[in-house]
There are 4 protein chains.
Amino acid sequence: MKKIRFGVIGTGRIGRLHVENLLRYIPQAEVFAVADVMIDLAKEWAAEQGIERIFADYKELLALPEIDAVIVATPTDTHSEVSIAAAEAGKHVFCEKPIDMDIERIKEVIEVVKKAGIKFQTGFNRRFDHNFRRVRDHVESGLIGDPHIVRVTSRDPAPPPVSYIESSGGLYFDMMIHDFDMVRFLSGSEVVAVTAHGANLIDEAIKEAGDIDTAVVTLELANGALAVIDNSRQAVYGYDQRVEVFGSKGQAVAYNDKPSTVEVYTEENVSTDKIPYFFLDRYTGAFIDQFNSFVDAINGKSEIPVDEVDGLRAVQIAKAAQESLDTQARVVLEYDN
Amino acid sequence: MKKIRFGVIGTGRIGRLHVENLLRYIPQAEVFAVADVMIDLAKEWAAEQGIERIFADYKELLALPEIDAVIVATPTDTHSEVSIAAAEAGKHVFCEKPIDMDIERIKEVIEVVKKAGIKFQTGFNRRFDHNFRRVRDHVESGLIGDPHIVRVTSRDPAPPPVSYIESSGGLYFDMMIHDFDMVRFLSGSEVVAVTAHGANLIDEAIKEAGDIDTAVVTLELANGALAVIDNSRQAVYGYDQRVEVFGSKGQAVAYNDKPSTVEVYTEENVSTDKIPYFFLDRYTGAFIDQFNSFVDAINGKSEIPVDEVDGLRAVQIAKAAQESLDTQARVVLEYDN
Amino acid sequence: MKKIRFGVIGTGRIGRLHVENLLRYIPQAEVFAVADVMIDLAKEWAAEQGIERIFADYKELLALPEIDAVIVATPTDTHSEVSIAAAEAGKHVFCEKPIDMDIERIKEVIEVVKKAGIKFQTGFNRRFDHNFRRVRDHVESGLIGDPHIVRVTSRDPAPPPVSYIESSGGLYFDMMIHDFDMVRFLSGSEVVAVTAHGANLIDEAIKEAGDIDTAVVTLELANGALAVIDNSRQAVYGYDQRVEVFGSKGQAVAYNDKPSTVEVYTEENVSTDKIPYFFLDRYTGAFIDQFNSFVDAINGKSEIPVDEVDGLRAVQIAKAAQESLDTQARVVLEYDN
Amino acid sequence: MKKIRFGVIGTGRIGRLHVENLLRYIPQAEVFAVADVMIDLAKEWAAEQGIERIFADYKELLALPEIDAVIVATPTDTHSEVSIAAAEAGKHVFCEKPIDMDIERIKEVIEVVKKAGIKFQTGFNRRFDHNFRRVRDHVESGLIGDPHIVRVTSRDPAPPPVSYIESSGGLYFDMMIHDFDMVRFLSGSEVVAVTAHGANLIDEAIKEAGDIDTAVVTLELANGALAVIDNSRQAVYGYDQRVEVFGSKGQAVAYNDKPSTVEVYTEENVSTDKIPYFFLDRYTGAFIDQFNSFVDAINGKSEIPVDEVDGLRAVQIAKAAQESLDTQARVVLEYDN
């Protein structure tokens, strides 16, 4: 089988992770070239990875006819621009989330993707998590019946710097966007209304930056089910990632992973390892498996599991959540595509 | 120590349970008399329990000077009337929840209780559950810091008859009222706003009866924390009762009880016992311990753990939830006492 | 249904527990009389329980024609004597374990019981534990196939006083005897050979008293399966009681009970409650249920679940274990009845 | 840092796994050459891995001066011969277990290793398992005090072909040898006596081949502790791998891994995923981490974690176990080096 030749645009933390995962774990993939405006910072690393073609201008990368697919791992505000250019160059596109903060820009991307006839995958890696996928399997197989209540808990171990928060678009866009996608993934249904609550309980500086640090959002789904998401910027015990689907025939609950199964019994208590603290430790496998799916889709073996419309929906829901928070009212969602 | 002499008014299922628990497990209690309008139905049972004094008219029971305390286990619509009469007769009162569906009537009870100077306990038995109390302990000790997010899941194994639902006051009054109290208990804070969602996913007849069968309610608390409760009238796998408090220093999670710790490994899967199906199996200990606390409070050893104001609050929140559901809007709560 | 009238002989800790359990939890039972050589110590307690007939000489108790069944809760060295007298008086007998330290004496008991035609139950309460019984159920139902390996862990929280150990007959008789019975119960098979190991790791004084404090014993069963028991006199984390049956179709594992299901997540670790420390906290239900079974057997509703031969077998195995420890060799068991 | 150049001798299943792991996960390692007597079967695979040097005769590989270290993954009966040749050629050696079935041959290897001054690691991969290593950490840190009882359960999902069993050296050499090493690893103490039991419960053909399929072995340790290992050739529910160390201050228990944390609640039961069936699924990380340790030891950063003497000890214990099974007697071990 012919290997898929990848160009990777953006070689910051996440871009490098993708390159290293492709090289190690995706035998059907080849990293043909990388591009980064800060080309000098990337050279040594690229050489270590055995990557010979490295560009400052991503358009040079897109001009290479050998390249089949592109990973867009640039700063968020350039995602849509690079994606559009890549699609127009006939490359399949894997784009980090969110595609854009502006819904109209995302619709432009969707338009171009359709015209170009290429495959587009959005980087909602959590859909590939072993635990959450298993819950989804149990929903899809019908084992737990029709979903009635979906619960998603997602809490970071510590807040990012306030400077980051200021430009993040806010908790709903930066953090809960994954969970909005998760609710759609687990339930197989669209969100029709959003009621958002937020609080400032962790750091006054986050409030001053205009954001919340604690949130509970209720979603009404097209199939009649209710979903509730809670987020916190600071779970001191680790990176808390759980989901639960309750249905007409039963329930599937995904608990946190732990680094070992060991239980210790002492005079004090019974204890186990802490849960992972770092998101890469938790989603190691998910970051890899999303590329197996992408490569399979390019090879025509399966459908793209999380596409440009999925990317759009999550942003639409995040916008509605923000509006709900601001107005203290329920916001109804309508989709024109 | 002098035993507390109880009169029990109402000898239906719950009244009999209370009598049997007092007789078996509360050595400081004595069941001195019972009353029930359907006196004939109760005679044989009372004789088996060794109870000699049995009245059709609860006022005759209240007239007995030997009686120290009364348990009000009559139908809901007579709770406040009987409680008032008992308080005026100088008896301590343990009243099943809800005290009344009418907030003004509850306030009357509160007034009478204050004047009479007696102890009044509301029958929110779940506060005495071994799991939930442990979570509360961890909050109170400061182990998990300030509460940020409280989650309560409470799902019945099967819906009650529609005839019952019709006169129940609706899911928020009949079922979630326990959870409203649980949020106050676990967080140690008052509810300041309610946003309610409901759905009909289980039985069309419930909808026709004007009620919902699935619900998610978000509560804003005075201390800034957020709480979310989900209820279902039908969890086919059993009586699902869980709570969780997430705070600034950690988290305490109470999972369901199971009848045994046994795990079975087969070619199919790894499985355990189902969770209890019947509420009495789950709250066996709680139904007993609430009386230990009541007796201790009467004896001056401790405070009443869940009093008439607690009974009022839960009803006020339930009313706000119903209003929120009806208006699809957030409802702010204000307490004048 | 006629109540079974009990006479209880021996009112030390365990005798009193039995009386209180009969009074509270076994509605088909009545405590008609008690006997104890130290009659003065028991009088106040008996009065509190509402027991009117109390004797220094157990023979006076046995002479009462009203008594149907007797509980033998005297010191171990009088179990067989009292049991024989009771059987000869035509009373059903519930006898604490071990029936005797002398196998010939136990055989005498068996002989008398047979002649008298009464029901005899040995006090191996652990057979009635909710966890172990569930494992047994899974064996009996065939769910896990033929047993291949049985594992029993039984560890006390702290050693008894050395004075007690000196007269206890040693760890195999005093402590592991329960586990010998458990292996027979779980496997449904007889022990045909014993290989015992012991160690002194906890307290030098136990060694000086001629006993071990740590033990691992391997049993070969008639059905070909192997069983292994480990005991320790001191598990600082609590009363560790677990069993496991591995079979041709699967495995059933019983873990320790815990007082609550609560998990606490902090910066340090994830922890739960400690396991129970005191044997009565763990075997509360088992101490009660053994009498339900005894009463049912007397009423002809079921067979005696653990009879005089079961009592004999456990002692025979304990003796073989002691011999194996002393000789550092495997000991084959043969049963002539 | 200079990369370690590996030659891999033997390219069957395990040899290939090692090569692929080195290439993917051990950045400080390079696979310089491979050798296999069945050279033609390996050529295509080697080309795919990008390995250019491939020999039929491992001596040609050993003659390459560029090679720093050798992995011996040939059939068991050639382990010692190849290891000796490699050590004499001045290469560090990683040798699969067992080094040899003949204790004298292992001692020869030890002699040569000492003279050559090279590093020698034995392939007891389970020491690198995340669960077992954590238990070991808790022993080493003193958290659970002095070890008193060590329990190891190790059960294969299905027996190997009888043809394999016939040449395997028997269950103690082929299967339990890992567990003998595990007991030494977990306890930090030497085995001083062995009492072995075995049974034939799974397949008559295994018996006819002269082997057992079920085993329980008790080990007495130099520090006074007792250890017990149970093995089965067939756990239909998966690859059951658990250990437990009970000590003077507590206990550490390692349970089985599971592919996900998901619990499913239905009307039938509560269930989770099965445990892994295939040894590579369970010990994925351990197979990698053993090479990280080997490379670190070669680079002088740490000691060899499991050396040639560890390889010898496990075989000595296995021989004693076999003798114990044959004689039905306890066998004392003495080590002259």
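The rules behind these values
- Residues numbered from 1 in each chain as written.
- Chains lettered and ligands numbered in written order.
- Predicted model: local features only at pLDDT ≥ 70, side-chain atom pairs only at ≥ 80, totals over all residues.
- Heavy atoms only, no water.
- Buried < 20%, exposed > 50% of the residue type's maximum accessible area, 1.4 Å probe, protein only.
- Helix = DSSP H or I, 4+ residues; strand = E, 2+ residues; numbered from the N terminus.
- Least-squares fit on C-alpha atoms with pLDDT ≥ 70 in both.
- Axes fitted to C-alpha atoms, helices over the stretch in contact; angles between N-to-C directions.
- Parallel < 35°, antiparallel > 145°, perpendicular 65-115°, else oblique.
- Left-handed = near helix turned anticlockwise from the far one by under 90°.
- Contact = heavy atoms within 4.5 Å.
- Nonpolar A, V, L, I, M, F, W, Y, C, P; charged D, E, K, R; others polar.
- Buried area = accessible area lost by both parts, 1.4 Å probe.
- Salt bridge = Lys/Arg side-chain N within 4 Å of Asp/Glu carboxyl O.
- Pairing = 2+ DSSP bridges.
- Polar contact = N/O pair within 3.5 Å; in protein donor to acceptor, adjacent residues only side chain to side chain.

Draft legend 1. Focus on helix α9 (residues 177–187) of chain A. All names here are of chain A. The buried fraction of α9 amounts to 11 of the 11 residues, a majority that puts the element mostly inside the structure. The set of residues buried in α9 consists of Ile-177, His-178, Asp-179, Phe-180, Asp-181, Met-182, Val-183, Arg-184, Phe-185, Leu-186 and Ser-187. Backbone geometry just downstream of α9 places Gly-188 in the positive-phi region, at approximately 65 degrees.

Draft legend 2. Fine view of unusual backbone geometry. Residues and elements named next belong to chain A. Here Lys-97 and Pro-98 are connected by a cis peptide whose omega angle stands at -10 degrees. As for its position among the elements, Pro-98 is in the loop between β5 (92–95) and α5 (103–116). Phi is positive for Gln-328, close to 55 degrees, though the residue is something other than glycine. The residue Gln-328 is located in the loop between α13 (308–327) and β15 (331–332) in this model. Owing to a relative accessible area of 46%, Gln-328 belongs among the partly exposed residues under this scheme.

Draft legend 3. The relation of the copies chain B and chain C, seen in detail. Rotating chain B by 180 degrees and translating it 0.0 Å along the rotation axis places it on chain C, where the RMSD comes to 0.1 Å. Such values leave the two copies arranged in the relation of a two-fold axis. In terms of proximity to the rotation axis, the leading residue of chain B is Arg-24 of chain B, whose C-alpha is 2.9 Å off the axis.

Draft legend 4. Representation of the packing of helix α1 (residues 13–25) of chain C against helix α2 (residues 39–48) of chain C in the model. Residue and element names in this part refer to chain C. Where α1 meets α2, the axes come as close as 12 Å, and the angle between the chain directions of the two elements is 20 degrees. One finds that α1 runs roughly parallel with respect to α2. Once α1 is placed against α2, the crossing between them reads as right-handed. When α1 is examined against α2, the residues Arg-16, Val-19 and Glu-20 are found in contact with a partner set consisting of Leu-41, Ala-42 and Trp-45. Looking at the contact of α1 with α2 residue by residue, the class counts come to 4 nonpolar, no polar and 2 charged.

Draft legend 5. Here's a closer look at the interface of chain B and chain A. Counting from both sides, the interface comprises 39 residues of chain B and, opposite them, 39 residues of chain A. Taken together, the two surfaces of chain B and chain A that pack against each other cover about 3200 Å², and 60% of this comes from carbon and sulfur. Inspection of the region where chain B meets chain A yields 6 salt bridges. Put simply, Glu-244 of chain B and Arg-242 of chain A hold a salt bridge, and the shortest N to O gap is 2.8 Å.

Draft legend 6. Seen up close, the sheet that holds strand β1 (residues 4–9) of chain B. All names here are of chain B. Ordered by their spatial adjacency, 6 strands build an open sheet running β3-β2-β1-β4-β5-β6, and the pairing between neighbours is parallel. Each edge of the sheet is formed by a strand with only one pairing partner; in this case those strands are β3 (53–55) and β6 (120–122). For this sheet the average axis-to-axis angle between neighbouring strands, irrespective of direction, equals 25 degrees. Of the pairings in the sheet, the one linking β1 to strand β4 (residues 69–72) comprises 4 bridges and is parallel in character. Bridge pairing links Ile-9 to Val-72 in β4.

Draft legend 7. Seen up close, the interface of chain B and chain C. Each side of the interface is counted separately: chain B has 28 residues, and chain C has 28 residues. Carbon and sulfur atoms make up 52% of the area that chain B and chain C hide from each other, which totals about 2200 Å². The partner of Arg-134 of chain B in a salt bridge is Asp-273 of chain C, with the nearest N and O atoms 3.0 Å apart. Counting every contact that joins chain B to chain C gives 14 residue pairs in polar contact (both at pLDDT 80 or more). Listing elements by their share of the side of chain B that touches chain C, those giving two or more residues are α1 (13–25), α6 (130–140), β12 (250–254) and β13 (263–266) of chain B. Looking at chain direction, β13 of chain B and strand β12 (residues 250–254) of chain C are connected through 4 bridges and run antiparallel. Paired with Tyr-265 of chain B across the two strands is Gln-251 of chain C, which belongs to β12 of chain C.

Draft legend 8. Structural detail: the relation of the copies chain B and chain A. For these two chains of identical sequence, chain B goes onto chain A by a turn of 180 degrees and a shift of 0.0 Å along the axis, with RMSD 0.0 Å. Of the interface residues in chain B, 100% have counterparts in chain A that sit at the interface too, so the contact is made through matching surfaces.

Draft legend 9. The arrangement of the sheet that holds strand β4 (residues 69–72) of chain A in detail. All names here are of chain A. Across the sheet, 6 strands lie side by side as β3-β2-β1-β4-β5-β6; this open sheet has parallel pairing. The open sheet is flanked by β3 (53–55) and β6 (120–122), the only strands paired with a single partner. Neighbour to neighbour, the strand axes of the sheet diverge by 25 degrees on average, direction disregarded. Strand direction decides the pairing type here: β4 and β5, joined by 4 bridges, are parallel. Each residue of the ladder has a partner; that of Val-70, found in β5, is Val-93. Helix α1 (residues 13–25) rests against β1 (4–9), β2 (29–35), β4 and β5 of the sheet, and its axis sits at about 155 degrees to β2.

In short, geometric facts, not functional conclusions.
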